Structures are given as C-alpha cells and as structure tokens.
Amino acid sequence: MSWNLLRSRGFVAAYALVILMLALSVCLGERDILFPEIAGMAMGVMVFPVPHWIKKPLHLWLSPTLGAFMGTLMNDLPLSPLVKIWLGLIIIVILMHVFRVNFGPTIPAALLPIFLGLTDYRFAISTAVFTFVVMAAAYIVRKPELKANGHNAFRKKTDTVLITLILALWIGVAFAAKLDILVVPPVFALIFEQFHVKDFTWKMIPQRLAVLTLTAALAVTVYHLLDGSIIWVGVINVLLTFILCKLFKVPVPVAFGVSLMPLIVPAWGSWGFPVGVLVTTGTLMCISAAYRQFRRRAN
C-alpha cells in the first residue's frame, strides 16, 4: 500500500463521492440519506479494489438498492423491530444466494433502514444514486481477467445458513441487552464474506481488529471534538481510516463505513461504540477463523 494512493485519481474520486453524500445530507437537512457503507464501497472499488466486488459491477448497484428498498418496506409490517431485522436478514441472504451475489454490503443496506425505523424512501433513493456511481466506477476499473465467466465456485449453503444464524443470534443478544453498540452493520458485511473464505486464518485477525477498533475510537473522538459538523467529521474520519489501513498494511474497506457510523445513531457516537466494535469484530472473527480451521481439518 503506497501513500501515493492519497494523490491518485481513485482516492480523489472516492473521497469526493463521500463528501458529496455528506454535503447533500447537510444541505437537505436529512441524516437519513447517509449510508456509511458508501464510503467503504467507494474505497473498495476505487482505492483498494476488492476483486470479487468488481467482478460483477451491476450487483454493486442493484443488490444494495433492492436491499434498501426492501428494508424500508419491512417497516410497514406489524412486527417488532427485532423480528423485522431477523426477517430482513433471512430474506436478503436467500436472495443473495439465489442470484449468486458475493457482495457483503448488501446486508447493511437492508438492515440499516429497519434498525433506524425509516418509513420513507429517502435512504433507499440515496443508496440507489450513490451505489450507481460506485457501479460506474467499477466498470471503469474492472480488468478483463476480473470479468465474470460464470464458472466460479459459489459459497456453500451450509456455510451461508450457519453464518446467517450466528448473525441473527448476535443481533438478538444486542437487542435483549439493549446494546446498540453491538449492532455494527459494516462489520456484519465483513464477517459474512470472511466466513466463506477458505483461507481465513487466526493470524489475519489482529490487524483487521486493530484497524476497525481504532477507526471506531478515532471516529467517536472526532465526532465529539467537532460536534454538529457532519461534513468535517466525515472528511476527517475517512482520512484517518485511510491512514490506519496504511499503517497496519491491510486494506479494510468496511472500516470506512464504521468511521461514518457516529453520524447516524447516538449510541454509535458514544464512547462505548469502540468497545462494541472490538467485541463484535473480535468475537465474530474468532468464530469465523475457528470454523474455517474446523472445515480444513474435516476435509
């Protein structure tokens, strides 16, 4: 990872997209249009290209957009918030499996409007607009060898069912304990993808855990130092996250989503949020590594 990325067209474009989303939120007076994962998606396409993300660019737009609309629609159901989130998680995972979608941020796109209790479609429309830009960028940066050939192995149903149950259980525990800090949608996206990666090992945890936890801690610090300034909080937090990825020599696109979470929900702007990220990420990553080790021994 080179510091020259800061001056690259990809970083400038991704950074500009995040700033545009923050600026529109301020101009319209609507925090509901903020989708933190836009930052992670932009960085994961334009700065730290994630091969399986950009292999099918259409899914970068279609999947989170449909997820956002579905999540908002779920709020019309006469169910408790927890049941809505569980149902939304199950439906979106089934759809991802049916349509062979390997894009983890689809999950937070569907869960966030349910968690926030959004009943209008401003969040969904905003998600559609900004993910369309990310999709266009993916088409530009995609190389011929990354194009989908239709013959790639897809994730196992057993793995998908198991991680879905684990995430549902984790969300249930968070609701039962009334700890919103344990509900970290970007981390759920990361864990969903890593759980299916055959070569995910214990030694891959410390650096990623450090980046995510420090990102959360710095994000909350900046949020309190610049209270009320959505644009400056977002701009500084995204830059700090980039620096952390560089220092730890590991790109973690979803960390950029974590860096914007304090702008959305009061609990995510509290000093307990970094602890929540540490516990959530650490526990779920350890479960993922243990499972992959078990599968390797079983095979």
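Check the entry above for the structure.
Conventions we followed
Counting of residues starts from 1 at the beginning of each chain's written sequence and follows it residue by residue. Residue-level local features of this predicted model are given only where pLDDT is at least 70; pairs of side-chain atoms are given and counted only at 80 or more, and the full residue set underlies all totals for whole chains, interfaces and linings. With hydrogens and water set aside, each side-chain value is computed from the structure's full complement of heavy atoms. In the sections that follow, a salt bridge refers to a side-chain nitrogen of Lys or Arg positioned within 4 Å of a carboxyl oxygen of Asp or Glu. A run of H or I in DSSP counts as a helix once it spans at least four residues, and a run of E counts as a strand once it spans at least two, with each numbered from the N terminus. Think of it in three bands: residues with accessible area under 20% of the maximum for their type are buried, residues over 50% are exposed, and the middle band is partly exposed, with areas taken using a 1.4 Å probe on protein chains only. Two aromatic rings, drawn from Phe, Tyr or Trp (for Trp, its six-membered ring), form a pair once their centres lie within 6.5 Å of each other, and the interplanar angle then sorts them: stacked below 30 degrees, edge-to-face above 60, tilted otherwise.

Engineer: Which parts of the structure should I look at to understand the pattern of salt bridges?
Structural biologist: If charged atoms from side chains of opposite charge come close, those side chains can pair. By the definition in use, this model includes four salt bridges. For Arg122, the salt bridge identified is with Glu30, shortest N-O distance 2.5 Å. Note that Arg122 is positioned in helix α7 (residues 122-141) and Glu30 in the loop between α1 (9-28) and α2 (37-46), a separation of 92 residues in sequence. Classification of Arg122 as partly exposed rests on a relative accessible area of 34%. Residues Asp159 and Arg295 are paired through a salt bridge, measuring 2.7 Å at the closest nitrogen-oxygen approach. Highlighted residues: Asp159 in helix α8 (residues 157-176) and Arg295 in helix α13 (residues 273-298), separated in sequence by 136 residues. For Arg295, a relative accessible area of 15% gives the class buried. One continuous salt-bridge network, built from bridges that share partners, spans Glu30, Asp120 and Arg122.

Engineer: Can you walk me through the packing of aromatic side chains in this structure?
Structural biologist: The geometry of an aromatic ring pair comes down to the distance between the two centres and the angle between the two planes. All chains considered together, the criterion is met by 11 aromatic pairs. Measuring from ring centre to ring centre gives 5.9 Å for Trp61 and Phe132, while their planes differ by 90 degrees; the resulting arrangement is edge-to-face. Within this pair, whereas Trp61 is found in helix α4 (residues 57-74), its partner Phe132 is found in helix α7, the two being separated by 71 residues in sequence. According to the relative accessible area criterion, Trp61 is partly exposed, its value standing at 26%. Assessed through its relative accessible area of 44%, Phe132 is described here as partly exposed. Ring geometry for Phe69 versus Tyr121: centroids 5.7 Å apart, planes at 20 degrees, classification stacked. In this pair, Phe69 is assigned in helix α4 and Tyr121 in the loop between α6 (106-116) and α7, connecting sequence segments 52 residues apart. Using a relative accessible area of 31% as the deciding quantity, one classes Phe69 as partly exposed. Residue Tyr121 is classed as partly exposed on the basis of its relative accessible area, which comes to 30%. Ring-pair connections join several aromatic residues into one group, and the members of that group are Phe11, Tyr15, Phe48, Phe242 and Phe256.

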